[in-house]
Amino acid sequence: QVQVVESGGGLVQPGGSLRLSCAASGRIFSIDTMGWYRQAPGREREWVAGMVAGRHEKYADSVKDRFSISRDNNRNVVYLRMDNLKPEDTAVYLCKVVLGRWDYWGQGTQVTVSS
């Protein structure tokens, strides 16, 4: 059994910053990919950023140059640093952990960007 828990969301003004954390625990031998998605009300879930094999970073065009993903491989934790936040970044942010054939999701953390 694998557990995935996100934290770090909150309310921030436009232009502000937040750092999200995602911790994976349980029966884990090797994590292939850890990534972030988001889902706004009335919209489909969209991919935001991912880290493959602990070092290859990828970003959606909408967040490139504003968001940064990093990973603590020793603790199976992935972070998402979000700078210059915009109202359109408002969403529930969810973490996905890929272990072989299996995907594990957290419950998500709410990010609201508003003045």
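For the structure given in this document, a descriptive report is provided here. (Residues numbered from 1 in each chain as written. Predicted model: local features only at pLDDT ≥ 70, side-chain atom pairs only at ≥ 80, totals over all residues. Heavy atoms only, no water.)

## Focus on the overall build of the chain
At step 1: Scanning the chain from N- to C-terminus turns up zero helices and 11 strands.
At step 2: Going from N to C terminus, the chain has its helices and strands arranged as β-β-β-β-β-β-β-β-β-β-β.
At step 3: In terms of overall dimensions, the chain is globule-like: its C-alpha atoms have a radius of gyration of 13 Å, near the 13 Å expected for 115 residues.
At step 4: With the principal axes as the frame, the chain shows a C-alpha extent of 45 × 25 × 20 Å.
At step 5: Burial status across the chain gives 43% buried among its 115 residues.
At step 6: Across the chain, the fraction of contacts at a sequence separation of at least 24, relative to all contacts at a separation of at least 6, is 52%.
At step 7: Surface accessibility of the chain: about 6,500 Å² in total, with carbon and sulfur atoms responsible for 45%.
At step 8: Placing the 15 positive and 12 negative side-chain charges of the chain at their respective mean positions leaves the two points 4 Å apart. (Helix = DSSP H or I, 4+ residues; strand = E, 2+ residues; numbered from the N terminus. Rg over C-alpha atoms; globule rule 2.2 N^0.38 Å. Buried < 20%, exposed > 50% of the residue type's maximum accessible area, 1.4 Å probe, protein only. Contact = heavy atoms within 4.5 Å. Areas by Shrake-Rupley, 256 points an atom, 1.4 Å probe, with all protein chains shown as cover. Lys, Arg positive; Asp, Glu negative; His and termini not counted. Charge placed at Lys NZ, Arg CZ, Asp CG, Glu CD.)

## Examining the packing of aromatic side chains
At step 1: Taken as a whole and assessed by the stated rule, the structure comprises one aromatic pair.
At step 2: One Lys or Arg, arginine 45, reaches over the ring of tryptophan 105 and ends 4.6 Å from the middle of that ring. (Phe/Tyr/Trp six-rings, centres within 6.5 Å; stacked < 30°, edge-to-face > 60°. Lys NZ or Arg CZ within 6 Å of the ring centre and 35° of its normal.)

## With respect to the side chain of glutamate 6
At step 1: With respect to the helices and strands, glutamate 6 occurs in strand S1 (residues 2–7).
At step 2: For the buried glutamate 6, which has no salt bridge, the nearest side chain bearing the opposite charge is arginine 45, at an N-O separation of 8.2 Å.
At step 3: Filtering out sequence-adjacent residues up to four positions away, glutamate 6 remains in contact with Ser21, Cys22, Trp36, Tyr93, Leu94, Cys95, Gly106, Gln107, Gly108 and Thr109. (Salt bridge = Lys/Arg side-chain N within 4 Å of Asp/Glu carboxyl O.)

## Some points on the pattern of salt bridges
At step 1: Taken as a whole, this structure holds seven salt bridges when the rule is applied.
At step 2: Residue aspartate 61 pairs with lysine 64 through a salt bridge whose shortest N-O separation is 3.1 Å.

## Things to note about the state of the cysteines
At step 1: Under the definition given, this model contains one disulfide.
At step 2: Between cysteine 22 and cysteine 95 runs a disulfide, and the two sulfur atoms are separated by 2.0 Å. On the S-S bond that ties cysteine 22 to cysteine 95, the torsion sits near -75 degrees, and the link is left-handed. Residue cysteine 22 is found in strand S3 (residues 18–26), and its partner cysteine 95 is found in strand S9 (residues 91–99); the two are separated by 73 residues along the sequence. (Disulfide = S-S within 2.5 Å.)

## Digging into unusual backbone geometry
At step 1: You will see that aspartate 65, though not glycine, has its phi angle at about 75 degrees, which is positive.
At step 2: Along the chain, aspartate 65 turns up in the loop between strand S6 (56–59) and strand S7 (67–72).
At step 3: Positive phi, close to 50 degrees, is recorded for asparagine 76, a residue that is not glycine.
At step 4: Relative to the helices and strands, asparagine 76 is located in the loop between S7 and strand S8 (77–82).

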